[in-house]
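An overview of the molecular structure
Chain by chain, the residues:
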Amino acid sequence: MNLNELKHAGLKKWIEDAVSLMTPESVEICDGSKAEYDRMIKVLVDSGLGTPLKARPNSYLFHSDPSDVARVENRTYIASKTEDDAGPTNHWIDPVELKKTMTDLYKGCMKGRTMYVIPFSMGPVGSDIAKIGVEISDSAYVVVNMHIMTRVGSKVLDVLGTDGFYVPCFHSIGKPLGPGESDNGKWPCAPLEHKYISHFPETREIWSYGSGYGGNALLGKKCLALRIASVLARDEGWLAEHMLILKITDPKGSVKYMACAFPSACGKTNLAMLIPTLPGWKVETVGDDIAWMKFGADGRLYAINPESGFFGVAPGTNNDSNFNAMESIKSNTIFTNCGLTEDGDIWWEQIGYGAPGKEILDWKGNKKPAPQTDKAVKGEEVAHPNARFTAPAKQCPVIASEWEDPKGVPISAFLFGGRRPSTIPLINESKSWIHGVFMGSITGSEITAAALDLAAGTIRRDPFAMLPFCGYHMGDYFKHWINIGKKAEAEGHGDKLPKIFFCNWFRKDKDDHFIWPGYGENSRALAWVFERCDGKDNCVETAIGNLPKPGTIEPPAGVSAEAMAELCSVDIEGWKKEIADVREKHYPQFGAKLPKELSEELDAIEKRLNS
Ligand code: OXD
Ligand code: MN
């Protein structure tokens, strides 16, 4: 398709303006076809950026520039009209000033390159919950990743019609080419001080410059599906969350769906694909990172996974930690910043085996002796700790058959959690919706080493696991969650709201050993949640919420009855410290925007702990 065939006048004008500003050599409108994917891969292999993997059909390895390996949170901006709308947890720049700076950077930024116009749908094309975006990018690597992670192509333009709503997304790697110049194997990007990942919430625009990596460049994911979508969700009365969605079936064949929020690097992808150790139970995957949820006509909250692929962290993934992810990446997968073995396969730390052969190419392109074991050596990693795989979701052996159902799946439970070596029980049901919102608002992980200038034992709060992803003031976001519950109750659907739980797979003993084995054994806590949702009498009411009644979760092998009791009891002194930490360090940052319902909840828990 060429530009003149576009039926949407607004979109055509937006692209034409971008062409005049960025002056690419040519423009291609992506159709999402396999032929297009293959052509882009050829461009990438010919320019020396992609390496075909002998060991995995239709799979390729990329090595990025060492300065371009992760999301750049300190260069990520929420440029709302006022700083107060962005709130204390986001970086803010005045939108007029930011657009001026970035327009200067965009001037001529695509010289010598092709401008790809990528129409994409987040969510099944045409679903009521889905949204459309159009990303303009000068990176073929972005095109192939977007093919896997989103639904790209002409059918999206058909849904858009002549005047439909789309989120316009600019992306440039910020590395124009001179006459006759090519990338020649060097990952193109701009220096850190020129990188900008910008969001304009009022005008629903995304402008990204200077990075070609992951969430900085694949703009459907964190930028659209979380930062801009959270603003749309606030304005339109729905939820856009950093949550996996899983389907769980009990031994009798009864099904429930759960949506779970954990900060990055707490094992969301592993939980989404878990293999239960509990006999007769089954877990299947609907999504591993993001959930969009809207109320259905029956008053239940329905969730879709807006993505169509997994952009998973590779190191640590192995047949024990996540067999289903390992199966999902056997073919048709893009790997970034992994090691390359002599026999043409990828390798990473904790992949489950030492590297074959004598030598290995590390993520920086250096040859090293092939490691005999898969243990990580800090600073000497073969794969970058944030190395990734991009794999089609449909390749997951446990993908739920309804994962692309346009109406979504009805959610019965929300789970929040983080890495908490002490205090927080294995699983705890909130007493009410507001108490559940309180639980979400205090989510976080404990810093175990004195890293990042924070003392060991400090809790880094990551409310709802949305800290880097909420596109507006976090205090208003808490209020939005409270309002969702109030709305359901006002409409007589309060009983259909998902129940809210807080879980913790990361409790440690005094010798710093994990008490709970995690992974497949987490199915025991999920089964308890399942039964709670059916109203089973399996809990005891406590000051902090409803905890498992003794005997309702059978301890897995290696967990003693005493350890199980500790995991499921209230640590009164620990909770008093928790409450004090929230009161003194966490909640004050939200100022007058902290909903009074949450400070009242804090008071109520404290009172119960003291009585
Ligand atoms: C991710 C993240 O990449 O949360 O999904 O950081
Ligand atoms: Mn994530």
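Preceding block: the structure.
Quick caveat, the model's predicted, so the values are computed rather than measured.

Per the secondary structure count, the chain includes 16 helices and 30 strands. For the chain, the C-alpha radius of gyration of 24 Å lies close to 25 Å, the compact-globule estimate for 611 residues. If you line up the chain on its principal axes, its C-alpha atoms span 75 × 60 × 50 Å. Distance between charge centroids for the chain: 1 Å, based on 69 positive and 80 negative side chains.

Next up on the list: the coordination of the manganese ion (ligand 2). As a benchmark, a tetrahedral metal site with four donors has ideal angles of 109.5 degrees, while an octahedral site with six donors has ideal angles of 90 or 180 degrees. Taken together, Lys-222 (NZ), His-242 (NE2) and Asp-289 (OD) make up the full set of protein donors to the manganese ion (ligand 2), lying 2.2 Å away. Sequence spacing of the donor residues for the manganese ion (ligand 2), all on one chain, is K-x19-H-x46-D. Residue His-242 is located in the loop between β11 (239-241) and β12 (243-249), and its partner Asp-289 is located in the loop between β14 (282-287) and β15 (291-295); the two are separated by 47 residues in the primary sequence. For the pair His-242 and Asp-289, one class covers both residues: buried.

Of all nine residues in helix α11 (residues 433-441), nine are buried; the element is thus mostly enclosed. Buried residues of α11: Trp-433, Ile-434, His-435, Gly-436, Val-437, Phe-438, Met-439, Gly-440 and Ser-441, and no others. The secondary structure elements touched by the buried residues of α11 are β24 (409-417), β25 (427-429), α12 (474-490), β28 (499-503), α15 (572-586) and α16 (596-610).

As a further point, take the site of ligand 1. The local shell around ligand 1 consists of Arg-71, Lys-222, His-242, Ser-264, Asp-289, Arg-388 and Phe-469. The contact in question runs from an oxygen atom of ligand 1 to an N or O atom on the side chain of Ser-264, over 2.7 Å. Each residue belonging to the shell around ligand 1 can be placed in one class, and the counts come to one nonpolar, two polar and four charged.

Ranked by size, the top nonpolar core spans 129 residues in total, and within it Trp-292, Met-293, Trp-348, Phe-414 and Trp-481 carry the most contacts. Residue contributions to this core peak at nine residues, all from helix α8 (residues 220-236). Those residues in contact with Met-293 that lie beyond four places of it in its chain are Trp-238, Leu-239, Glu-241, Met-243, Ala-259, Leu-301, Tyr-302, Ala-303, Ile-411 and Phe-414. One finds Trp-281, Phe-501, Trp-505 and Ala-563 within the second-largest nonpolar core, a separate group that totals 36 residues.

Now for the sheet that holds strand β21 (residues 359-361). The four strands lie next to each other as β20-β19-β21-β22, forming an open sheet whose pairing is antiparallel. What marks the edges here is a single partner per strand, and that holds for β20 (346-347) and β22 (367-369). Bridge count between strand β19 (residues 339-341) and β21: two bridges; the pairing is antiparallel. Looking across to β21, one finds that Leu-340 is bridged to Leu-361.

This part covers the state of the cysteines. Using the criterion set out here, one finds zero disulfides in the structure. Of the cysteine sulfurs around Cys-223, a residue in no disulfide, the closest is that of Cys-169, at 7.7 Å. When its relative accessible area of 0% is taken as the criterion, Cys-223 is described as buried. Here Cys-503 stays unpaired: no disulfide links it, and the sulfur of Cys-260, its closest cysteine neighbor, is 6.8 Å away.

The residue Asn-90 is located in the loop between α3 (83-86) and α4 (95-106) in this model. For Asn-90, a relative accessible area of 15% translates into the label buried. Polar contacts involving the side chain of Asn-90 include one to the main-chain carbonyl oxygen of Ala-86, which spans 2.9 Å. For Asn-90, the side chain forms a polar contact with the main-chain oxygen of Cys-470, separated by 3.0 Å. Among residues more than four places away in sequence, those in contact with Asn-90 are Ile-78, Leu-467, Cys-470, Gly-471 and Tyr-472.

Attention shifts here to the pattern of salt bridges. Think of it this way: side chains of opposite charge can pair up when their charged atoms draw near. For the coordinates displayed, the defined rule picks out 47 salt bridges. Here the salt bridges do not stand alone but share partners, grouping Lys-221, Lys-222, Lys-268, Asp-289 and Glu-307 into one network.

To continue, consider the environment of Cys-539. Among the structural elements, Cys-539 can be located in strand β29 (residues 539-541). Taking the C-alpha atoms as reference points, Cys-539 and Asp-343, 196 residues apart in sequence, are found 54 Å from one another. Excluding its chain neighbours within four sequence positions, the residues that come into contact with Cys-539 are Trp-528, Arg-532, Asn-546, Leu-547, Pro-548 and Lys-549.

As a further point, take the side chain of Ser-127. Note that Ser-127 resides in the loop between β5 (114-122) and β6 (131-137). According to the relative accessible area criterion, Ser-127 is buried, its value standing at 7%. Reaching out from Ser-127, the side chain makes a polar contact with the backbone nitrogen of Ile-129 at a distance of 3.0 Å.

Reading guide: rules and limits
- Residues numbered from 1 in each chain as written.
- Chains lettered and ligands numbered in written order.
- Predicted model: local features only at pLDDT ≥ 70, side-chain atom pairs only at ≥ 80, totals over all residues.
- Heavy atoms only, no water.
- Helix = DSSP H or I, 4+ residues; strand = E, 2+ residues; numbered from the N terminus.
- Rg over C-alpha atoms; globule rule 2.2 N^0.38 Å.
- Lys, Arg positive; Asp, Glu negative; His and termini not counted.
- Charge placed at Lys NZ, Arg CZ, Asp CG, Glu CD.
- Donors = N, O, S within 2.8 Å, 3.2 Å for Na, K, Ca; no water.
- Buried < 20%, exposed > 50% of the residue type's maximum accessible area, 1.4 Å probe, protein only.
- Contact = heavy atoms within 4.5 Å.
- Near = heavy atom within 4 Å.
- Polar contact = N/O pair within 3.5 Å; in protein donor to acceptor, adjacent residues only side chain to side chain.
- Nonpolar A, V, L, I, M, F, W, Y, C, P; charged D, E, K, R; others polar.
- Core = buried A, V, L, I, M, F, W, Y, C linked by side-chain atoms within 4.5 Å.
- Pairing = 2+ DSSP bridges.
- Disulfide = S-S within 2.5 Å.
- Salt bridge = Lys/Arg side-chain N within 4 Å of Asp/Glu carboxyl O.

By themselves, these observations are geometric and do not establish any function.
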